[in-house]
Amino acid sequence: MVKVGLIGAGKMGISHLSILGAHPDVEVVGVCDTSKLVLSALEKYSKFKCYTDYLKMIEKEKPDAVFVATPTKFHFDFVKELLARNIHVFVEKPFCLTEEQGMELTSMASDRNLVNQVGYHNKFVGTFREVKKLVKTGAIGEVNHFMGEAYGPVVTKKKEGTWRSNPSEGGGCLMDYASHVIDLINDILSPITATKGSILKSIYSKKVDDAVYSILELSDKTTGMLSVNWSDETYRKMSTSITINGEKGKIISDANELKVYFKDNHCPEGYSKGWNVKYVTDLTPQVDFYLRGEEYSAQVDYFINAVIGNVPNNINNFQSAWLTDRAISIIKNQK
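Residues numbered from 1 in each chain as written. Predicted model: local features only at pLDDT ≥ 70, side-chain atom pairs only at ≥ 80, totals over all residues. Heavy atoms only, no water.

### Considering the overall build of the chain
Move 1: A tally of helices and strands in the chain yields ten helices and 14 strands.
Move 2: Compactness check: the chain gives a C-alpha radius of gyration of 20 Å against a globular reference of 20 Å for 335 residues, within 12% of the reference.
Move 3: C-alpha atoms of the chain, sized along the principal axes, occupy 60 × 45 × 40 Å.
Move 4: Taking all 335 residues of the chain together, the buried fraction comes to 53%.
Move 5: Counted over contacts in the chain with a minimum sequence separation of 6, partners at least 24 positions apart contribute 68%.
Move 6: In the chain, which carries 40 positive and 40 negative side-chain charges, the distance between the mean positions of the two groups comes to 4 Å. (Helix = DSSP H or I, 4+ residues; strand = E, 2+ residues; numbered from the N terminus. Rg over C-alpha atoms; globule rule 2.2 N^0.38 Å. Buried < 20%, exposed > 50% of the residue type's maximum accessible area, 1.4 Å probe, protein only. Contact = heavy atoms within 4.5 Å. Lys, Arg positive; Asp, Glu negative; His and termini not counted. Charge placed at Lys NZ, Arg CZ, Asp CG, Glu CD.)

### Here's the deal with the sheet that holds strand β4 (residues 65-68)
Strand pairing in a sheet relies on backbone hydrogen bonds, with the paired strands running either antiparallel or parallel.
Move 1: Strand order in the open sheet made by the six strands is β3-β2-β1-β4-β5-β6, with parallel pairing throughout. The open sheet has two free edges, formed respectively by β3 (50-51) and β6 (116-118), since each of these has just one partner strand.
Move 2: As defined by bridge partners, β4 adjoins strand β5 (residues 88-91) across four bridges and the pair is classed as parallel. When the sheet's bridge partners are listed, F67 is paired in β5 with F90. (Pairing = 2+ DSSP bridges.)

### Here we look at the pattern of salt bridges
Move 1: Going through the model one piece at a time under the given rule, you end up with nine salt bridges.
Move 2: One salt bridge connects K49 with E61, and the closest N-O pair in it is separated by 3.6 Å. On the criterion of sequence distance, the pair formed by K49 in the loop between α2 (36-45) and β3 and E61 in helix α3 (residues 54-61) is long-range, its members being twelve residues apart.
Move 3: Here R85 and E81 are joined by a salt bridge, their closest N and O atoms 2.7 Å apart.
Move 4: Relative accessible area serves as the criterion here: at 35%, R85 is assigned to the partly exposed category. (Salt bridge = Lys/Arg side-chain N within 4 Å of Asp/Glu carboxyl O.)

### Considerations on the state of the cysteines
Move 1: For the structure shown, the criterion picks out zero disulfides.
Move 2: There is no disulfide at C173, and the cysteine sulfur nearest it, in C96, is 20 Å away. (Disulfide = S-S within 2.5 Å.)

### Quick word on the nonpolar core
The nonpolar side chains of a soluble globular protein tend to be buried with one another.
Move 1: Judged by nonpolar contacts, the single largest core of 40 residues is most densely connected at I182, I185, L189, L226, I244 and I251.
Move 2: Ranked by the residues each element gives to this core, the list is headed by helix α7 (residues 173-188), at ten residues.
Move 3: The contact partners of I182, leaving out residues within four places of it in the chain, are L174, I192, L226, T324, A327, I328 and I331.
Move 4: In this structure, I7, V68, L82 and F318 belong to the second largest nonpolar core, which totals 26 residues. (Core = buried A, V, L, I, M, F, W, Y, C linked by side-chain atoms within 4.5 Å.)

### Quick notes on the pairing of strand β12 (residues 249-254)
Move 1: Of the two faces of β12, only the one carrying G249, I251 and S253 is buried; K250, I252 and D254 on the other face are not.
Move 2: Two elements, strand β11 (residues 239-246) and β12, share five bridges in a ladder whose sense is antiparallel. The residue bridging N245 from the neighbouring strand is K250, located in β12.
Move 3: Counting the residues that bridge the hairpin from β11 to β12 gives two residues.
Move 4: Alignment of β12 against strand β13 (residues 257-262), held across five bridges, turns out to be antiparallel. When the bridges of β13 are listed, S253 appears paired with L258.
Move 5: Counting the residues between successive antiparallel strands, the hairpin from β12 to β13 contains two residues.

### Examining helix α9 (residues 294-308)
Three- or four-residue spacings in an α-helix give side chains the same orientation, since the helix completes a turn every 3.6 residues.
Move 1: If you check α9, its first and last C-alpha atoms are 21 Å apart, about what 15 residues at 1.5 Å a residue would give, namely 21 Å.
Move 2: For α9, a buried count of eleven out of 15 residues is recorded, marking the element as mostly surrounded by other parts of the structure.
Move 3: Here α9 has its buried residues at E295, Y296, S297, A298, Q299, V300, Y302, F303, I304, A306 and V307.
Move 4: Packing partners of the buried residues in α9 comprise β1 (2-7), α1 (11-21), β2 (26-32), β4, β5 and β6.
Move 5: Looking one or two residues beyond α9, the residue adopting positive phi is G309, at roughly 105°. (Expected span 1.5 Å × (residues − 1).)

### Topic: the sheet that holds strand β9 (residues 211-218)
Move 1: Pairing in this open sheet of eight strands is mixed, and the strands run β8-β9-β10-β7-β11-β12-β13-β14 from one edge to the other. With partners counted over all chains shown, the strands left at the sheet margins are β8 (192-201) and β14 (274-279), one partner each. Ignoring strand direction, the axes of neighbouring strands in this sheet form an average angle of 10°.
Move 2: Against the sheet, helix α6 (residues 126-136) contacts β7 (143-151), β11, β12, β13 and β14, and its axis sits at roughly 160° relative to β12.
Move 3: Seen against the sheet, helix α10 (residues 318-333) touches β8, β9 and β10 (223-229) and runs at an angle of roughly 55° to β8. (Axes fitted to C-alpha atoms, helices over the stretch in contact; angles between N-to-C directions.)

### Description of the environment of K123
Move 1: Inspection of the secondary structure puts K123 in the loop between β6 and α6.
Move 2: Given a relative accessible area of 9%, K123 falls into the buried group.
Move 3: In sequence terms K123 and L184 are 61 residues apart; their C-alpha atoms lie 7.1 Å from each other.
Move 4: Filtering out sequence-adjacent residues up to four positions away, K123 remains in contact with R129, D183, D187, I315, N316 and S320.
Move 5: A polar contact of 2.4 Å, which involves the side chain of K123, links it to the side chain of N316. (Polar contact = N/O pair within 3.5 Å; in protein donor to acceptor, adjacent residues only side chain to side chain.)

### Section: the packing of aromatic side chains
Move 1: Using the criterion set out here, one finds eleven aromatic pairs in the structure.
Move 2: A centroid spacing of 4.5 Å and a plane angle of 15° characterise the contact between F67 and F90, whose relative ring orientation is stacked. With F67 in strand β4 and F90 in strand β5, this residue pair connects regions lying 23 residues apart in the sequence. In this structure, F67 and F90 share a single accessibility class: buried.
Move 3: Aromatic ring contacts, followed pair by pair, group Y54, F74 and F78 into a single cluster.
Move 4: Across the ring face of Y271, the terminal group of K278 is positioned such that the distance to the ring centre comes to 4.6 Å.
Move 5: Above the face of the Y296 ring, R292 is positioned so that its terminal group lies 4.5 Å from the ring centre. (Phe/Tyr/Trp six-rings, centres within 6.5 Å; stacked < 30°, edge-to-face > 60°. Lys NZ or Arg CZ within 6 Å of the ring centre and 35° of its normal.)

What follows is the structure, given as structure tokens:
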């Protein structure tokens, strides 16, 4: 059994806790949060040991691994302390407030040979995994253009006073929303290395951006566009998609549906000339515990298996998350 602790019992923390609590290879040894309301509920309705000080939790419970699901401003200090104590770490996205912080933690985890993962769950979505497979195997030929998009109703009126409206806490559409799309582009295509122009637009917020529009260049010189808006109330919830044009075809995919067009009959097995449609239910392996989507359990399963030593630590590790932090910095500084 892998002994696991949790720091941060907010929305994502509680989700992780539910999955970890049902995991056959995990023993949850402690939960840490500063909210008395949350901890009192956990103490009353669960058997989890609760703490308000994460250092006391790790000193007493000695976990093998810790999940960090706090606001981004706390990530660097918490993760650095955990790594210094030789504890494997899963941390929520975005990784760090700056690329310098992310690089330091990446190097530290590598030097100590500790398993590390960041919660970019889209890499475990069946449709996006199939997109990566099609691109990497050359199924649509050389890529000549791409479009990464995300829209949703996060900030739909003027309202300040939350972490989302504070740039020092990791607020803003670029950090919190666009990071998902940027991470997908980096993974499916190649890392973002430059922007040919960016607009960070405030719609309702005063201190942070609510929309991001950018022309991107990748390490292989492919160019494309990023379009993200978290103040679009025509969407019921976050919708992330990627479109990729290649010399042999075209891919359009979101988290639910994958559409692929092939110009000729030289297609991968299971596809044919013209338009093909596949759904996430056709492309996603079953998980033991379902919560919000298979991808959330799949990422936890992968992390735990990496700690045990069953799989390599090469999906969503700190290095790939640092590339996303770097791309955010590029967009922010060259707007």
